[in-house]
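# Analysis of the macromolecular model
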Amino acid sequence: MKKVGAWSAEDVSHWLSEEGMQEYGDALREMDGAALLRLTEADFQMSPLSLVSSDGGQQLLERLETLRIETHIEAHKNGHANGHAGGLPNGTSKPQRNSPLGINNFRKEMVHIPIPTMEAVRSTFPAEWGKTGIAFIYAVVCFVTTTVVISVVHERVPTKEHTPPLPDKFFDLFDRVEWAFSICEINGMLLVGLWVIQWTLLKYRSIIGRRFFFIVGTLYLYRCVTMYITTLPVPGMHFKCSPKLLGNWEAQMRRIMKMIAGGGLSITGSHTLCGDYLYSGHTVMLTLTYLFIKEYSPKRFWWYHWFCWTLSAVGIFCILLAHDHYTVDVVVAYFITTRLFWWYHTLANQQSLKETSQSNPFSRVWWYRLFQYFEENVNGIVPRNYQLPFSWRASSWSRGVKYSRLDNIQ
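Quantities reported herein were computed from a predicted structural model and do not represent experimental measurements.

Right, let's get into the overall build of the protein chain. Looking only at helices and strands, the protein chain features 15 helices and zero strands. The buried share of the protein chain, reckoned over its 410 residues, is 40%. The long-range fraction of contacts in the protein chain, counting pairs at least 24 apart against all pairs at least 6 apart in sequence, stands at 79%.

Looking at where E375 falls in the secondary structure, it is placed in helix 14 (residues 368-375). On the accessibility criterion, E375 (1% relative accessible area) is buried. Polar side-chain contacts of E375 include one of 2.9 Å to the side chain of R211. Within the structure, the side chain of E375 is placed 2.8 Å from the side chain of Y344, a separation counted as a polar contact. In this structure E375 touches R211, Y344, A348 and K354, once residues within four positions along its chain are discounted.

Once that is clear, we can look at a nonpolar patch on the surface. A grouping of F136, I137, V140, V141, V144 and V148 is seen on the molecular surface, where their side chains present a nonpolar patch of about 470 Å² in accessible area. By the secondary structure assignment, V141 is in helix 6 (residues 129-154).

By the definition in use, this model includes eight salt bridges. Residue R68 is joined to E65 by a salt bridge in which the shortest nitrogen-to-oxygen separation is 3.4 Å. Placement of both R68 and E65 in helix 3 (residues 58-81) is noted, with a separation of three residues, approximately one turn of the helix. What makes R68 partly exposed here is its relative accessible area of 25%. A salt bridge links K131 to E128; its shortest N-O distance comes to 3.2 Å. For K131, a relative accessible area of 7% translates into the label buried.

We now examine the confidence of the model for the protein chain. With 82% of its residues at a pLDDT of at least 70, the protein chain reaches an overall mean of 84. Counted against residues more than four places away or in other chains, residues 85-93, with its pLDDT under 50, gives nine contacts. Residue range residues 392-410 is modelled with pLDDT below 50. Its contacts to residues more than four positions away, or to other chains, number 21 contacts.

Another point: helix 8 (residues 180-201). With 22 residues, helix 8 ought to run about 32 Å at 1.5 Å a step, and its terminal C-alpha atoms sit 32 Å apart, in line with that. Listing the buried residues of helix 8 in full gives A180, F181, C184, E185, N187, G188, L191, W195 and Q198. Viewed end-on, helix 8 has its buried residues packed into an arc of 160°, placing them on one side of the element. Packing partners of the buried residues in helix 8 comprise helix 9 (205-229), helix 11 (281-295) and helix 12 (302-321).

Counting residues in hydrophobic clusters, the biggest one holds 70 residues, and the most contacted among them are W195, I215, L288, F292 and Y344. Considering each element in turn, this core owes the most residues, 11 residues, to helix 9. Every residue in contact with Y344, bar those within four places of it in the chain, is listed here: R211, F214, I215, W367, F371, F374 and E375. Residues V4, Y24, A35 and V52 belong to the second largest nonpolar core, which totals 20 residues.

The subject of this paragraph is the packing of helix 8 against helix 11. Between helix 8 and helix 11, the shortest axis-to-axis distance is 9 Å and the interhelical angle comes to 35°. As helix 8 runs across helix 11, the sense of the crossing is left-handed. In this structure, helix 8 uses F181, C184, E185, N187, G188, L191, V192, L194, W195 and Q198 to contact helix 11, whose residues at the interface are H282, M285, L286, T289, F292 and I293. The class makeup of the residues in the contact of helix 8 with helix 11 is 10 nonpolar, five polar and one charged.

Helix 12 packs onto helix 8 with a crossing angle of 150° between their chain directions and a minimal axis gap of 8 Å. When the axes of helix 8 and helix 12 are compared, the pair comes out roughly antiparallel. The element helix 8 and its partner helix 12 pack so that their crossing is left-handed. Contact residues: A180, F181, I183, C184, N187, L190, L191, L194 and Q198 in helix 8; Y304, F307, C308, L311, S312, V314, G315, C318, I319 and L321 in helix 12. Each residue belonging to the contact of helix 8 with helix 12 can be placed in one class, and the counts come to 15 nonpolar, four polar and no charged.

So, on to the state of the cysteines. Counted according to the given criterion, the structure contains one disulfide. No disulfide involves C142; its sulfur sits 7.1 Å from that of C224, the nearest cysteine. Given the relative accessible area of 4%, C142 is considered buried.

What counts, and where the lines are drawn
Sequence order sets the numbering: in each chain, residues are counted from 1 along the sequence as written. For this predicted model, a pLDDT threshold of at least 70 governs which residues receive local features, and a threshold of 80 or more governs which side-chain atom pairs are given and counted, while totals over whole chains, interfaces and linings are taken from all residues. Only hydrogens and water are set aside; all other atoms, that is, all heavy atoms of the structure, feed into the side-chain values. Counting from the N terminus, the helices are DSSP H or I runs at least four residues long and the strands are E runs at least two residues long. When a residue's accessible area, from a 1.4 Å probe over protein chains only, is under 20% of the maximum for its type it is buried; when over 50% it is exposed; and in between it is partly exposed. Between two residues, a contact is recorded if the distance between any of their heavy atoms is within 4.5 Å. Any pair of N or O atoms that falls within 3.5 Å is considered a polar contact. Within protein, one atom must be able to donate a hydrogen and the other to accept it, and sequence-neighbouring residues count only if both atoms are side-chain atoms. Patch criteria: residues need more than 30% relative accessible area and no salt bridge. Like-charged residues are merged within 9 Å; nonpolar side chains of Val, Leu, Ile, Met, Phe, Trp and Tyr are merged within 5 Å. With residues, only the protein chains shown are counted as cover, and all accessible areas are computed by Shrake-Rupley using a 1.4 Å probe. Salt-bridge detection follows one rule: a side-chain nitrogen of Lys or Arg within 4 Å of a carboxyl oxygen of Asp or Glu. A residue's pLDDT is the confidence the predictor assigns to it, expressed on a 0 to 100 scale. Between the first and last residue of a helix there are one fewer steps than residues, each counted as 1.5 Å, and that sum is the expected span. This arc describes the spread of directions from the helix axis toward the C-beta atoms. The criterion is simple. A nonpolar core is a set of buried Ala, Val, Leu, Ile, Met, Phe, Trp, Tyr and Cys residues joined through side-chain atoms within 4.5 Å. An axis is simply a line fitted to the C-alpha atoms; with a helix, the fit covers only the stretch in contact. Between two such axes, the angle follows the N-to-C directions and lies from 0 to 180 degrees. Helix crossings are classified by the rotation of the near helix relative to the far one: an anticlockwise turn of less than a right angle makes the crossing left-handed, while a clockwise turn makes it right-handed. All residues other than Ala, Val, Leu, Ile, Met, Phe, Trp, Tyr, Cys, Pro, Asp, Glu, Lys and Arg, Gly among them, are scored as polar; the first ten of these are nonpolar and the last four charged. Angles are sorted into four bins: roughly parallel if under 35 degrees, roughly antiparallel if over 145, roughly perpendicular if 65 to 115, and oblique for all others. For this text, the term disulfide refers to a pair of cysteine sulfurs within 2.5 Å.

What follows is the structure in structure tokens.
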């Protein structure tokens, strides 16, 4: 095996790929092995390395520390093999017990090398799948509750003949396009699909997953409140709302189950109820999936970010172009979604904000205790690291080196 100090830039790039840290490929493309070993934490505070990862380069620095240890041990082994062990006369391979350079003096020559343990790395971002399961159940409960509230609100929506649509400036400027809402839902399904694929490839998918489930659940819970307290008339005369059931709870339960089975999408024919206008659930999903995709993918994937942003923006525009939501529905949905996403991640990325105190106004939010429960063991910014979601990934893709402790020399 070639010594690390003799690596070329191509060898460094190959090593980064083997270690699953390809995101550093562009920033280190001209760096050879000797320069790689000289990297320090200060280098990751400056461009371009500071733009690659959100963890300040901690993952790569730990791999480099292991690489330095391997290099040191290899050099030490080569020294003994060539008969040049330090302090041994005439190139002998064993210390002379009765000589001044005996075992006692040889022990004094030993160097203590701190070896980073995988346990320490794992404890920084523990999986805690149980908490992820709780966040998932919370999201499902909020989604089901939203569906029930839509069914209840539908019974209160005034008929379009009695109460015509409210004036809307966007509707004044753009005529309705019938197929636009289908484009919105197709874009939404594409974004959700991309996010699910990306999420399954994330190394810390359990932490990121519970963040997504908690935020989307809370957004739909807020939506239950806004829909119920203010029932708006239909946005357009084209709406064909299902007939009111007037207290027939059995029929309402069938409607609820049908809507849940169809994912609440009009394109599946499951959403024929009216009244769920303030605020737009489609805007929530189009915005939130883009935010998570961008937050947890490498910054150098700018083309991927722009593609997802285009899907999101076009989808939101098509909601309005179809006249299926008032403009205020979309604006409020965008505002609440972005603010909750940014607030949650600000709290999660700042250790001082995870503590309840008078100087932390965020600690007064009703969901703060639940946030503390989910994030209490997450120390620092979650890195954008990826790995295969299979149990055999460690044996197939890692190059771990095992060390044993030397307790005593007889």
